[in-house]
Structures are given as structure tokens and as C-alpha cells.
Amino acid sequence: MSLLSADATELGYLLAAVCFILALKGLSSPRSARRGNLIGAAGAALALAVAFLSGDLDHLVPIVVAIAVGTALAVPAARMVKMTQMPQLVALFNGVGGGAAALVALLELGETAGGTSAWEGDLAAVAFTVLVGAVSFAGSVVTFLKLQEIMTTRPVVLPGAKPLMIGGLVVSLGVAVAVFGSGQPVLASLLGLLGLVVGVMLVLPVGGADVPIVISLLNAFTGLTVAAGGFVLGNTLLLVAGTLVGASGTILTRLMAAAMGRSVAGVMFGALRGGSTAGSTAVSSRPVRSVSPEDVAILLGYARKVIVVPGYGLAVAQAQHTIRELEEMLRGRGIEVLYGIHPVAGRMPGHMNVLLAEANVPYQALKEMDEVNPEFRTTDVVLVVGANDVVNPAAKTSPGAPIYGMPILEVSDAQQVVFLKRSMRPGFAGIENELLFDPKTSLLFGDAKESLAKVLAAVKGL
Amino acid sequence: MDGVALLSIFVLSVFVGFEVVSKVSTILHTPLMSGANAIHGIILVGAVLVTGHADDSITLVVGLLAVVLATVNLVGGFVVTDRMLEMFGSRPTPGGDR
């Protein structure tokens with residue numbers, strides 16, 4: 001007694017798929033992005049309505065209650081989360097999506113196991129969905145724990161991790177083939193458990209700075225899982241939606257890896273190979289030019305063009321609003337102010353842009369690396385706040401350095417460079433920054449927010 | 001729907017996905033990720049269909065768990081993306097080129 005015919009159902013799903021494509025298309029400009037997201041949400045609501053009307057479903061009351069419970073969990077989390085904690089939340093949402101897809105595939109297999117109509121492609125899709133969904137779920141949970149600093153952010157390499165990893169993968173693939181061959185729900189459940197183990201082992205050895213790549217990769221995994229779920233259920237909407245996400249995750253993963261000058265394999269397996277993801281944390285005793293907030297205020301106040309290079313240190317110190325005030329003040333003095341944003345500034349792709357947008361920095365002032373690099377030549381003062389590795393010339397000059405090959409912001413092209421730093425400790429990559437000892441560089445030590453507040457006060461007094 | 005038709009849709013979707021996503025502004029990569037995240041929450045449709053056809057209590061319980069997880073993904077993803085995009089839209093500054 002379905003209320004919708006098969007054709008009407010398919011058309012409803014098609015419309016929802018178009019909504020999802022428009023949602024992504026809207027993101028090509030900040031102006032159309034919000035409307036796009038609402039179109040996507042409307043598409044999701046439509047798809048859900050179609051599912052309810054088309055399916056001849058039992059258990060409607062428990063299902064609706066489950067949806068209400070999920071909504072009650074998700075909305076407060078999404079409303080309350082701090083922008084600095086966005087990567088954790090995205091990792092968590094990503095994980096539960098992957099987990100849900102794996103469960104759906106398992107159940108579908110259990111229901112059709114008795115029948116004879118199972119097409120062989122379905123079984124391959126079931127195996128893929130269960131395995132990759134479980135990997136994505138477990139990997140996302142570990143990523144969440146790392147980002148929330150419930151566990152260490154350093155790479156964790158268990159003894160014998162490499163043979164374990166290889167063994168885990170081989171066994172998983174073997175069981176996946178067995179699922180494909182037999183269609184046994186028990187084997188598929190075993191595959192899911194193996195996937196959880198592989199997911200944990202995959203993310204444990206990844207260091208904190210590489211997390212943006214891992215989040216993107218897991219996002220792509222979940223997308224592909226949902227697409228495979230579409231194959232399992234013969235549902236075109238899941239197929240299209242999952243594939244779109246898979247494409248977005250893949251593109252972002254590649255962009256992030258390129259922005260760090262590393263291969264995706266290097267990020268995921270670098271620690272297993274004993275590569276140098278962790279450098280020294282030794283503090284250099286070489287002399288640097290340490291200046292007062294007043295000196296910085298004079299440098300900034302009489303410049304014509306200033307570029308701010310924010311790093312995660314700025315967000316940690318919650319100094320976004322203070323830098324915004326300083327920017328307003330400088331603009332008021334007729335000074336051109338831009339922000340140079342390195343693609344890996346922050347903890348996920350594009351994170352720094354969100355953090356600055358939260359402080360009402362107009363997005364037009366945010367310049368990405370390729371756009372801002374030619375600007376440094378005509379810049380009087382570069383203000384580097386809580387960033388280090390992304391401006392370290394060692395990425396270009398010392399082939400042995402862990403960050404060698406990473407594209408950097410060419411701040412040394414500017415007349416003057418001011419670093420706001422907590423201490424002389426090197427950045428995450430653990431390598432000394434030659435730029436700190438350059439004659440054109442001055443350093444203002446202290447908490448980024450306090451330092452900026454002092455500079456702001458001093459600029460006011462000019 | 002038969003396998004070849006689904007495969008055709010998959011291949012075409014790959015191209016659409018790459019085409020659309022490669023045009024996304026770099027500034028919006030975080031909302032892209034959380035928005036894409038929300039989109040794969042549409043596995044909720046699958047979870048609802050499977051749960052609605054459950055014949056035994058284990059399937060029902062596991063299915064309801066999947067429904068909860070997928071709802072968290074779908075609803076949370078769209079809400080948090082909207083919250084971020086609101087920040088980008090609120091202050092259009094004159095003279096901006098993008």
C-alpha cells in the first residue's frame with residue numbers, strides 16, 4: 001500500500017540528488033553558499049519523505065522516535081561547538097555516517113540472505129560498504145580523540161605495527177572475498193569488526209599536523225561507503241550523493257597533501273616507516289631581535305601595506321577578535337591590510353578562514369597562498385601570528401628538512417617581518433626557522449592575544 | 001535497478017562531483033567538508049528503508065541504531081554548515097572582488 005509509485009519515488013530521489021549538486025555548486029562563492037546549503041537540506045527532507053511514502057514500512061513509530069533522538073543529539077552539538085573545535089565535530093559526524101552505512105549493508109545482507117535474487121555485484125558492494133564503513137567509523141573516532149586531546153596528538157606506533165597493519169589488511173581482504181563468494185552475514189559481521197581494527201591502526205600513527213589530510217581522506221571513504229550502499233540497496237540517491245562526497249573528499253585530500261608537499265601515502269604510513277614526522281623541540285640560543293609592543297605599533301602604524309599571516313596559535317590564544325580590531329584600526333589609518341592564509345593553517349582544510357570569519361573579518365581580505373605570495377614584494381610589514389612552519393624558508397632551502405618541498409608563504413620578500421611568538425620553541429615540524437634570525441625580522445614574545453592587545457593600545461596612542 | 005544502470009550513474013556522478021567540487025572557493029573548504037559530510041548522511045534513507053522492513057527484533061534494534069547515527073550525521077551536518085556559512089554571508093564589504 002505504498003502511496004508513491006515506483007516512478008514517482010525515483011523522480012523524488014532524482015530531485016533530491018539535484019538539490020545536493022546545487023548545494024555543492026553554491027559553495028563556489030560565499031554569497032550563494034548559504035542558500036545552497038539550505039537547498040541541500042531541503043533535498044534531504046524531500047528524500048526522507050519519499051522514503052517514508054514509498055516503502056510500505058513497518059515500525060514507523062520507533063523509526064520516527066529514533067530520528068527525533070538523533071536530531072536531539074545533533075542540533076545542540078552543532079549549535080554549541082566552538083569554531084576551533086570544528087574538525088572534531090566533522091570527524092565525529094563523518095564517523096557515525098560511515099558506521100550507519102556499514103550497519104545498513106549488514107542488515108540488507110541479512111534480509112536477502114535467504115533469497116536467490118542476490119546479484120553478484122551486490123555482494124561486492126556489501127563487502128566494500130561494511131569494510132570501508134567500519135574503517136571510516138573507527139578512524140574518525142580515533143581522529144576525534146586526538147583532536148579533542150583525549151589521547152596524545154603525537155604519532156602512536158605500536159610495537160609490530162607494520163606487520164600488524166599488513167596482516168590486518170590481508171585478512172580483511174581475504175574475508176571480503178569470502179563475503180563476496182558466500183554472502184554469509186556472519187562473515188560480513190566479522191569483516192566489520194576487522195574494519196574497526198584496521199581503522200584504528202590506520203589513524204594511530206598519524207601526527208597532529210597531518211590531521212587535515214586524514215579528515216579529508218576519511219570523508220572520501222565515507223562518501224564511497226554510502227555510494228556502495230546505494231549499490232547494495234539499488235538506490236540511486238545514495239549512489240549519487242555518496243559519489244559526490246567521495247569526489248569532494250578526494251579533491252580536498254589531494255589539495256592538502258600538495259599544500260604540505262607530501263604524498264598521501266607518506267602522511268598515512270610515514271611514521272610506520274620510521275620517517276621523521278617528529279623533529280627536535282630543542283630551543284636555540286642564537287641571538288634574535290626582540291622588540292616591544294610599542295616598536296611593533298610604530299612599524300605597523302607607519303606602514304602602507306600590512307599582511308597578517310595567522311596560524312593555529314592565533315586560534316588557540318582566541319586572538320581572532322583582537323587581530324580584527326587591530327586590522328580595523330590600521331585600515332582607519334589608511335593602511336592596506338590583507339590576510340595571507342596557508343592552505344594548512346588550522347586543523348582542517350580552510351579552517352583558518354572560518355575562524356577569521358567568526359571574528360567578522362570580511363572574506364574579501366582573506367587571500368590564499370598563490371594570491372598573496374606576489375603581494376609580499378610590495379608589503380612593508382608582515383605580521384606572523386602563531387605560525388611558524390608555513391613561513392619557514394627551510395621548506396625551499398634545506399632538502400633534509402621534514403617540511404622540504406612544502407609550498408610556503410614567501411614572507412621574507414617583505415620589508416619587515418614581525419613574529420608574535422610564545423617562545424623560541426620550533427613549530428610542529430620541529431625545525432628551526434632561519435627567518436627568525438634574519439636582520440629584517442623582529443620578535444615580540446608572549447601570548448598572542450595579550451601581545452596583540454598591547455600593540456593595539458600602542459597603535460591607538462600613535 | 002540493474003547493475004549496469006547503477007554503474008553508469010556512478011561513473012557520471014564521479015565526473016559531476018569532480019566538476020562541481022573543483023569550482024568551490026578555497027575560502028569555503030571547511031564548509032565544503034561539513035556540507036559534503038551532511039550529504040552522505042542521506043544514508044538515513046537507506047537506514048529507514050532497511051529498518052522498516054525488519055522482520056526480527058535484532059534487525060530492528062540494529063536498524064534503529066543506524067537511523068540514530070545517520071540522523072546525527074545528516075541533521076548535525078546541515079546545521080553546523082549553515083552556522084558557518086552565516087558568518088561568511090553576514091558582512092559583505094564594498095569593493096570586494098570575490
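All of these numbers come straight from a predicted model, not from anything done at the bench.

The next thing to look at is the overall build of chain B. When you go through chain B residue by residue, the secondary structure sums to 4 helices and 0 strands. Secondary structure elements of chain B occur, N-terminal to C-terminal, as α-α-α-α. The buried share of chain B, reckoned over its 98 residues, is 61%. Relative to all contacts within chain B whose residues are 6 or more apart in sequence, the contacts with residues 24 or more apart total 71%. If you sum the accessible surface of chain B, you get close to 3600 Å²; carbon and sulfur atoms cover 69% of it.

Moving on to the overall build of chain A. Per the secondary structure count, chain A includes 17 helices and 6 strands. Taken over C-alpha atoms, the radius of gyration comes to 25 Å for chain A, in line with the 23 Å a tight globule of 462 residues would show. The buried share of chain A, taken over its 462 residues, is 55%. In chain A, the proportion of contacts linking residues at least 24 apart, taken out of those at least 6 apart, comes to 79%.

Between its first and last C-alpha atoms helix H7 (residues 185-203) of chain A spans 27 Å; for 19 residues at 1.5 Å apiece the expected length is 27 Å, and the two agree. Among the residues of H7 of chain A, those classed as buried are Ala188, Leu191, Gly192, Leu194, Gly195, Val198, Gly199, Met201, Leu202 and Val203 of chain A.

Residue and element names in this part refer to chain A. Taken domain by domain, chain A holds domain 1 (81-269) and domain 2 (293-460). Contact residues are listed per partner, giving 20 residues for domain 1 and 19 residues for domain 2. Of the roughly 1600 Å² buried between domain 1 and domain 2 on both sides combined, carbon and sulfur atoms contribute 73%. Joining domain 1 to domain 2, the criterion identifies 1 residue pair in polar contact (both at pLDDT 80 or more).

Listed by partner, the interface residues are 101 residues for chain A and 78 residues for chain B. Of the roughly 8100 Å² buried at the junction of chain A and chain B (both faces included), carbon and sulfur atoms supply 76%. Where chain A meets chain B, there are 1 salt bridge. In this structure, Arg34 of chain A engages Asp82 of chain B in a salt bridge whose closest nitrogen and oxygen atoms are separated by 2.9 Å. Summed over the shared surface of chain A and chain B, the number is 16 residue pairs in polar contact (both at pLDDT 80 or more). Mapped onto the side of chain A that touches chain B, the elements with two or more residues apiece are helix H1 (6-26), helix H2 (30-54), helix H3 (60-80), helix H4 (86-112), helix H8 (211-233), helix H9 (236-259), helix H14 (351-358) and strand S3 (366-368) of chain A. For the side of chain A that touches chain B, the leading source of residues is H9 of chain A, giving 16 residues. A class-by-class count of the residues in the side of chain A that touches chain B yields 60 nonpolar, 26 polar and 15 charged.

With that out of the way, let us pick up the packing of H3 of chain A against helix H4 (residues 57-89) of chain B. Closest axis-to-axis distance for the H3 of chain A/H4 of chain B pair is 7 Å, and the angle between their directions is 35 degrees. Crossing of H3 of chain A over H4 of chain B shows right-handed handedness. Looking at the contact of H3 of chain A with H4 of chain B residue by residue, the classes come out as 17 nonpolar, 4 polar and 2 charged.

Right, let's talk about the nonpolar core for a bit. Counting residues in each nonpolar core, the largest one holds 118 residues, and the members touching the most others are Ile323, Leu326 and Leu383 of chain A. Top element by residues in this core is H4 of chain B. It accounts for 16 residues. Beyond its immediate sequence surroundings of up to four residues, Leu383 of chain A is in contact with Val296, Leu300, Ile307, Val308, Val309, Ile323, Leu326, Val418, Leu420 and Leu452 of chain A.

Residue and element names in this part refer to chain A. Pairing in this open sheet of 6 strands is parallel, and the strands run S3-S2-S1-S4-S5-S6 from one edge to the other. Two strands in the sheet have a free side with no partner beyond their single neighbour: S3 and strand S6 (441-445). Taken over all neighbouring pairs, the strand axes of this sheet differ in orientation by 25 degrees on average, direction set aside. Packed on one face of the sheet, helix H11 (residues 293-301) meets strand S1 (305-310), strand S4 (381-385), strand S5 (416-421) and S6 and runs near 135 degrees to S4.

Residue and element names in this part refer to chain A. On the surface, Leu11, Leu14, Val18, Leu22 and Ile39 cluster together into a nonpolar patch covering about 420 Å² of accessible area. Residue contributions to the nonpolar patch peak at 4 residues, all from H1. Within the element layout of this structure, Leu22 appears in helix H1. Under the relative-accessibility criterion, Leu22 is labelled partly exposed at 37%.

Time to look at helix H1 (residues 3-21) of chain B. For H1 of chain B, built from 19 residues, the straight-helix expectation of 27 Å at 1.5 Å per residue is met to within 8% by its first-to-last C-alpha distance of 26 Å. Of all the positions in H1 of chain B, only Gly3, Leu6, Ser13, Gly17, Val20 and Val21 of chain B are classed as buried. Axial view of H1 of chain B: buried residues confined to an arc of 110 degrees, hence all on one face. Exposed residues pointing more than 90 degrees away from the buried face of H1 of chain B are listed as Val4, Leu12 and Phe15 of chain B. Summarising the contacts, the buried residues of H1 of chain B are in contact with H1, H8 and H9 of chain A together with helix H2 (29-40) of chain B.

To continue, consider the confidence of the model for chain B. Per-residue confidence for chain B gives a mean pLDDT of 88; residues scoring 70 or more make up 90%. Under a pLDDT of 50 for its full length, residues 92-98 of chain B has, in the predicted model, 12 contacts with residues more than four places off or in other chains.

We now examine the side chain of Ser13 of chain B. Relative to the assigned elements, Ser13 of chain B resides in helix H1. Those residues within four positions of Ser13 of chain B in sequence are excluded, and the remaining contacts are Val240, Thr243 and Leu244 of chain A.

What counts and what doesn't
- Residues numbered from 1 in each chain as written.
- Chains lettered and ligands numbered in written order.
- Predicted model: local features only at pLDDT ≥ 70, side-chain atom pairs only at ≥ 80, totals over all residues.
- Heavy atoms only, no water.
- Helix = DSSP H or I, 4+ residues; strand = E, 2+ residues; numbered from the N terminus.
- Buried < 20%, exposed > 50% of the residue type's maximum accessible area, 1.4 Å probe, protein only.
- Contact = heavy atoms within 4.5 Å.
- Areas by Shrake-Rupley, 256 points an atom, 1.4 Å probe, with all protein chains shown as cover.
- Rg over C-alpha atoms; globule rule 2.2 N^0.38 Å.
- Expected span 1.5 Å × (residues − 1).
- Domains from an automatic or database assignment.
- Buried area = accessible area lost by both parts, 1.4 Å probe.
- Polar contact = N/O pair within 3.5 Å; in protein donor to acceptor, adjacent residues only side chain to side chain.
- Salt bridge = Lys/Arg side-chain N within 4 Å of Asp/Glu carboxyl O.
- Nonpolar A, V, L, I, M, F, W, Y, C, P; charged D, E, K, R; others polar.
- Axes fitted to C-alpha atoms, helices over the stretch in contact; angles between N-to-C directions.
- Left-handed = near helix turned anticlockwise from the far one by under 90°.
- Core = buried A, V, L, I, M, F, W, Y, C linked by side-chain atoms within 4.5 Å.
- Pairing = 2+ DSSP bridges.
- Patch = residues over 30% accessible without salt bridge, like charges linked within 9 Å, V, L, I, M, F, W, Y side chains within 5 Å.
- Arc of directions from axis to C-beta.
- pLDDT = per-residue confidence, 0-100.

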